[in-house]
Amino acid sequence: MAFSPEELERYSRHIILKEVGVKGQKKLCAAKVLIVGAGGLGAPAALYLAAAGVGTIGIVDADEVDLSNLQRQIIHGTSDLGRPKVESAADTMRDINPHVTVKTYQEFLDSANIMDIIADYDFVIDGVDNFPTKFLINDACVMAGKPFVHAGIIRFKGQLMTYVPGQGPCYRCVFHDMPPKDAVPTCKQAGIIGAIAGIIGCLEALEAIKYICGIGELLCGRLLTFDALKGDFHTIKLPPRDPNCAVCGDHPTITELIDYEQPECADAQHGSAL
Amino acid sequence: MNITVGGGKRSVEAGTTVAQLIEGEKVENAAYVTVAVNDAFVDHADFGSTALFEGDTVEFLYFMGGGR
Amino acid sequence: MAKKEYEVADTVDITDQVCPMTFVVAKAALAELEIGQVLRVYLADGEPMLNVPRSFRDDGQQVLALTPAGDGTYDLDVKKLEEE
């Protein structure tokens, strides 16, 4: 189906690109991307995927917008305080691009619901701040054969890697298992510069766009790290898929999804976004 | 001997082990760092016994979740 | 030598468009054709005449002809070789 004059103008900066063009924009408009977390990483990813015209964007977050979020979760505004994050995010996305269908999931992701939720999508974006859900997303995507991008941010650093079935290591190949409670800062004491969340979240959106359009090189088998204080990107080449990996290896020992215990933090909320 | 750590050049004593390098680099949260030498992961149990050689490339990979 | 004739599968008028929509609208029209088909683009003199044929070539398409239409506009015949 041909684009309307409004769509041609809206997406003109994509269409001009030889690598995207009309065919790439049609792929974007037909694509379905799930963003887990409407926080620091999910917010910029959602904004750019909506702007790019990704046809269906799912957004998962059980939380409501609070004041401390606004320093980095730029899809939400002061007038959204107290609102469910998914509704706030959906409103902004629809305003940016009314052609996009936004599906909201105001719930916690766990072993009981994740497979059903991700089934509808072509690509998953990890925008969560806790390891139980990061491992859950990895395991579910491996089991379901879904590509996804993992990312993390802390203080002045960020990183991301992409998993495409059959094309390199999964998150567990690299990080094996959950760190113990309190081993790695996840709560308020860590801190983060908002713009770093923006950079890494945008890179996640870019991985989704590249995957959908079939262009460029994805971060499969690579961990892209960013040091904001040094102003330096450093790419770590990852070893190939681990044949002994517990979930994607030749003889998986993890065959069911795991709901790990949550990290300890006085007012941590389960499954909440960065 | 000269090695590369996290993309940067380092000069270390011959025979330096991964464990010694971690200490020398003041790696944060060393108990939970993942180490790759020449694109292959080194098991935590082998940090003390894995010696580095001239020209080796070492990478430190960290758990990164997020902050609220 | 006899000039080889070809059939024009479709036309698009971009004489009322401004950059970059000139190329975008033309490209979108070519996208609707099959590989091997020819699109005739009506374009204005100046920037469109200078840029649109080159942009099609950069995209890997074949410019067959660029001829003055007699009213200050040009007819650009482009053969689709690659998907847009």
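For the structure, see preceding data.
Cut-off values and rules
- All residue numbers refer to position in the chain's written sequence, counted from 1.
- Labels follow written order: the first chain is A, the first ligand is 1, and so on.
- Where totals are concerned, whole chains, interfaces and linings use all residues; where local detail is concerned, this predicted model gives features only for residues with pLDDT of at least 70, and gives and counts side-chain atom pairs only at 80 or more.
- Hydrogen atoms and water are omitted, and side-chain values are computed over all heavy atoms in the structure.
- Contacts were defined at the residue level, with two residues in contact if any of their heavy atoms lie within 4.5 Å.
- Using a 1.4 Å probe, buried area is obtained as the accessible area two parts lose upon being combined, added over both of them.
- One side-chain nitrogen of Lys or Arg within 4 Å of one carboxyl oxygen of Asp or Glu is enough to make a salt bridge.
- Any pair of N or O atoms that falls within 3.5 Å is considered a polar contact. Within protein, one atom must be able to donate a hydrogen and the other to accept it, and sequence-neighbouring residues count only if both atoms are side-chain atoms.
- Numbered from the N terminus, helices here are DSSP runs of H or I no shorter than four residues, and strands are runs of E no shorter than two.
- For this classification, Asp, Glu, Lys and Arg are treated as charged, while Ala, Val, Leu, Ile, Met, Phe, Trp, Tyr, Cys and Pro are nonpolar and the rest, including Gly, are polar.
- Think of it in three bands: with a 1.4 Å probe and only protein chains considered, a residue is buried below 20% of the maximum accessible area for its type, exposed above 50%, and partly exposed in between.

## What about the interface of chain A and chain C?
At step 1: Between chain A and chain C, the residue contacts involve 14 residues of the former and 13 residues of the latter.
At step 2: Counting each side, the surface lost to burial between chain A and chain C is near 1,000 Å², with a carbon and sulfur contribution of 68%.
At step 3: The interface formed by chain A and chain C contains one salt bridge.
At step 4: Notably, a salt bridge pairs K26(A) with E32(C), separated by 3.2 Å at the nearest N-O pair.
At step 5: Our enumeration of links across chain A and chain C arrives at seven residue pairs in polar contact (both at pLDDT 80 or more).
At step 6: Only helix 1 (5-10), helix 2 (12-15) and helix 3 (21-30) of chain A provide two or more residues apiece to the side of chain A that touches chain C.
At step 7: Here the element with the most residues in the side of chain A that touches chain C is helix 3 of chain A; it accounts for four residues.
At step 8: The residue makeup of the side of chain A that touches chain C, split by class, is seven nonpolar, two polar and five charged.

## Topic: the pattern of salt bridges
At step 1: Counted according to the given criterion, the structure contains 17 salt bridges over all chains.
At step 2: In this structure, R83(A) and D91(A) form a salt bridge, with 2.7 Å as the shortest nitrogen-oxygen distance.
At step 3: Here K27(C) and E84(C) are joined by a salt bridge, their closest N and O atoms 3.7 Å apart. Of this pair, K27(C) sits in helix 1 (residues 21-31) while E84(C) is found in the segment after strand 4 (73-79), placing the two residues 57 residues apart along the sequence. E84(C) carries the same exposure label as K27(C), and that label is buried.
At step 4: Each member of the salt-bridge network shares a partner with another, and the members are D80(A), R83(A), E87(A) and D91(A).

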